Amino acid sequence: GMRRLIVAGIRTEQCCETTTRHASDEGWTVDFVPGATLTFDMATPEGDTLTAAQIRQRTATVLAGRFATLCTVEQALARASADAPAAA
């Protein structure tokens, strides 16, 4: 009966973004927690550097409202608790 997924982890723009998009496409309610993701600076094909902060911002921008709700850790946990069935 679970239908909400909280996404956090390593490689914000790869694993976390892909998981979020796929889960949303499969009908899950997804809470994406940018502050609980990690990535590293990357070189662009032109040789410029995208910082980890820029990559996190870009990922949050493309996911927000389309594939996920952006949340803090606290918000994601509160939303999950609100969805939890009452204890018997």
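Here the residue index of a chain counts from 1 through its sequence in written order. Note on the predicted model: pLDDT of at least 70 is required for a residue's local features to be given, and 80 or more for side-chain atom pairs to be given and counted; whole-chain, interface and lining totals, by contrast, use all residues. Working from all heavy atoms in the structure, the side-chain values ignore hydrogens and water.

Colleague: Hey, could you run me through the packing of aromatic side chains in this one?
Modeller: For any two aromatic rings, the description comes down to two numbers: the centre-to-centre distance and the angle of the planes. Stacked, tilted and edge-to-face pairs are distinguished by plane angle, under 30 degrees for stacked and over 60 for edge-to-face with tilted covering the rest, among Phe, Tyr and Trp rings (Trp via its six-membered ring) whose centres lie within 6.5 Å. Counted under the stated rule, the structure contains zero aromatic pairs. The ring of Trp28 has Arg3 lying over it, and the distance from NZ or CZ to the ring centre is 4.5 Å. Distance and angle both matter: a charge sits over a ring if NZ of Lys or CZ of Arg is within 6 Å of the ring centre and within 35 degrees of the ring normal.

Colleague: Looking at this structure, how should I read the environment of Thr39?
Modeller: When you line up the elements, Thr39 lands in the loop between β2 (29–38) and β3 (42–43). Considering only alpha carbons, one finds Thr39 and Thr51, twelve residues apart in sequence, at a separation of 9.0 Å. Definition of a polar contact: a pair of N or O atoms within 3.5 Å, with one able to donate and the other able to accept a hydrogen when the atoms are protein atoms, and with sequence-neighbouring residues admitted only if both atoms are side-chain atoms. Side-chain polar atoms of Thr39 contact the side chain of Glu13, separated by 2.5 Å. Put simply, DSSP marks the helices as runs of H or I at least four residues long and the strands as runs of E at least two long, and each gets a number from the N terminus on.

Colleague: Could you clarify how one ought to interpret the nonpolar core in this entry?
Modeller: Soluble globular proteins: nonpolar side chains tend toward being buried together. Among the buried residues, those of types Ala, Val, Leu, Ile, Met, Phe, Trp, Tyr and Cys that are joined through side-chain atoms within 4.5 Å form a nonpolar core. Burial status follows relative accessibility: with a 1.4 Å probe on protein chains alone, a residue under 20% of its type maximum counts as buried, one over 50% as exposed, and anything between as partly exposed. Ranked by size, the top nonpolar core spans nine residues in total: Val7, Cys16, Ala23, Val30, Phe32, Val62, Leu63, Phe67 and Ala68. Sorting the residues of this core by element identifies α1 (12–25), β2 and α2 (52–63) as the ones contributing at least two each.

Colleague: How should the sheet that holds β2 be read in this particular structure?
Modeller: In any sheet, the strands associate via hydrogen bonds between backbone groups, in a parallel or an antiparallel arrangement. What makes two strands pair is DSSP finding at least two bridges between them. The strand order β1-β2-β5 describes an open sheet built from three strands, whose pairing is parallel. Both outer strands of the open sheet, β1 (4–10) and β5 (69–70), are each paired with one neighbouring strand and no more. The sheet contact formed by β2 and β5 spans two bridges and is parallel. Residue pairing in the sheet places Phe32 in a bridge with Leu70 of β5. Residue contacts are defined here by distance: any two heavy atoms, one from each residue, within 4.5 Å place the two residues in contact. An axis is simply a line fitted to the C-alpha atoms; with a helix, the fit covers only the stretch in contact. Between two such axes, the angle follows the N-to-C directions and lies from 0 to 180 degrees. Where α2 meets the sheet, it contacts β2 and β5, and its direction lies at approximately 175° from that of β2. Sitting on the sheet, helix α3 (residues 73–83) touches β1, β2 and β5, and the angle it makes with β2 is about 150°.

Colleague: Explain the side chain of Glu13 here, please?
Modeller: If you trace the backbone, Glu13 turns up in helix α1. Assessed through its relative accessible area of 18%, Glu13 is described here as buried.

Colleague: Is there a simple way to explain unusual backbone geometry in this structure?
Modeller: If a residue is not glycine, its phi is most likely negative; likewise, a peptide bond is most likely trans. If you check the backbone angles, Arg11 has positive phi at about 70° while not being a glycine. Relative to the elements of secondary structure, Arg11 occurs in the loop between β1 and α1.

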